[in-house]
Structures are given as C-alpha cells and as structure tokens.
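Geometric and topological summary
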Amino acid sequence: MIPAEITGYFQYLSPENLTTIPAEFNIIDMPSSPTSSSSLNYLTELINNNYSSSSNGQDVMTSNNSTSDEDHHHNHRQSIIILDERKQRRMLSNRESARRSRMRKQRHLDELWSQVIRLRNENNCLIDKLNSVLETQDNVLKENSKLKEEASDLRRLVCDLKSNKNNNSF
C-alpha cells in the first residue's frame, strides 16, 4: 500500500466524512482494541467483503489506477498468505507443545508408578523384618522365662541342700 492510499483512506474515514461511510462497513461492530484478535478478524473480513468494490462499482480507496488496484490486491493476498502461514506455524507449534506436554505427563506418570512399586517392595521388606524381630523377641522372652524358672529351681535346691546339711550336723 502506498502512502497516498493510506492518507486517502484516513481522509475517507475522517470525522467530517463519517456520514459518507457505506452501511456495509458495519462500523458499529468495529472492535474497541486495534491489537485484539477480534480486530484482526474484523479487518480481514472487512477487506474480504468490502474492499474490492463499493456499491457503485468503484474502488473503496477511490483509486483510478488499475495497476495500483492490482498491486493492492496482490499485496492484500500476500498479507493473507503471510497471516495463514503464521497461523499454520502457530498451530504446528501448539501441536508440538501439546505433544511435549503429553510426553512429560506420561514420563511423570511412569516415574510415579515405578516409585509406587519401589515403595511397595520396601514396605514388604520392612514388614518381613518386623515379623522376624517380633518372632525373635518372642523366642527371647520364652527363653528368659525358662531361665528364670531354672534359676528359681536351682535356688530352691541350694536352700534345700543347705538345710539338709544343717540338719545333719546336729
């Protein structure tokens, strides 16, 4: 687009000329922010639907030069192609990002499952050790009780022997 077309466009939309804006431009539905995605969609739709010709068959930019019209249409098509390429690249980038995200999620899930298996094995080993210690404790307590009985029996025997020896000495 050449500067004359740009200034001509803004002169066309200047406040003094607002009454001359054709109804098909639908200025009421114009987005409030020029950088929003709805603005881009609005402008693309505006260009596609209204830029090629007005209701009387004359170019909206009021350009009389057919080569500049062709240049403009060529530039417009190139800008649409560039927008489409950007959209395709963004879609491809988003797909790749989603694929990487799924792979990270799967890897994390695999790590969690391996941790579950490792912790279950460790838990089983600890339970086995606890059972072994409890069994050993039970055996030690039984052995201790038996030794106490033997010690008690031996004390009684010693007392009996002493009392028999004292009785025999009289």
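Residues numbered from 1 in each chain as written. Predicted model: local features only at pLDDT ≥ 70, side-chain atom pairs only at ≥ 80, totals over all residues. Heavy atoms only, no water.

Observations concerning the overall build of the chain
Selection rule: Helix and strand labels come from DSSP, where a helix needs a run of H or I of at least four residues and a strand needs a run of E of at least two; each type is numbered from the N terminus. Per-residue accessibility, obtained with a 1.4 Å probe over protein chains only, is compared with the maximum for each type, and a residue is labelled buried under 20%, exposed over 50%, and partly exposed between these values. Contacts are assigned to residue pairs with any non-hydrogen atoms lying within 4.5 Å of each other. Using the Shrake-Rupley algorithm and a 1.4 Å probe, accessible areas are obtained, with residue cover drawn only from the displayed protein chains.
The number of helices and strands found in the chain is 3 helices and 0 strands. Listing each helix as α and each strand as β along the chain from the N terminus yields α-α-α. Taken across its 170 residues, the chain has 10% of its residues classed as buried. Taking as baseline every contact in the chain between residues at least 6 positions apart, the subset at least 24 positions apart corresponds to 37%. Per element, the accessible surface of the chain, about 14,400 Å² overall, is 55% carbon and sulfur.

Quick look at the pattern of salt bridges
Pairing is possible between side chains of opposite charge, provided their charged atoms come close. Rules: Put simply, a salt bridge is a Lys or Arg side-chain nitrogen that is within 4 Å of an Asp or Glu carboxyl oxygen.
A full pass over the atoms with the stated rule returns 5 salt bridges. Among the salt bridges present, the one from Arg-118 reaches Glu-122, with a minimum N-O distance of 3.6 Å. In this pair, Arg-118 and Glu-122 both sit in helix H3 (residues 66-169), 4 residues apart, roughly one turn of the helix. Owing to a relative accessible area of 45%, Arg-118 belongs among the partly exposed residues under this scheme. Taken together, the salt bridges that share partners define one network made up of Glu-96, Arg-99 and Arg-100.

Brief notes about the confidence of the model for the chain
Definition in use: Confidence per residue, as judged by the predictor, is encoded in pLDDT with a range of 0 to 100.
Confidence in the prediction of the chain, expressed as mean pLDDT, is 76, and 59% of residues score 70 or more. Mean pLDDT per element in the chain: helix H1 (residues 3-12) is the minimum at 45, and H3 is the maximum at 92. Confidence drops under pLDDT 50 across residues 51-64; counting only partners more than four residues distant or on other chains, this segment forms 22 contacts.

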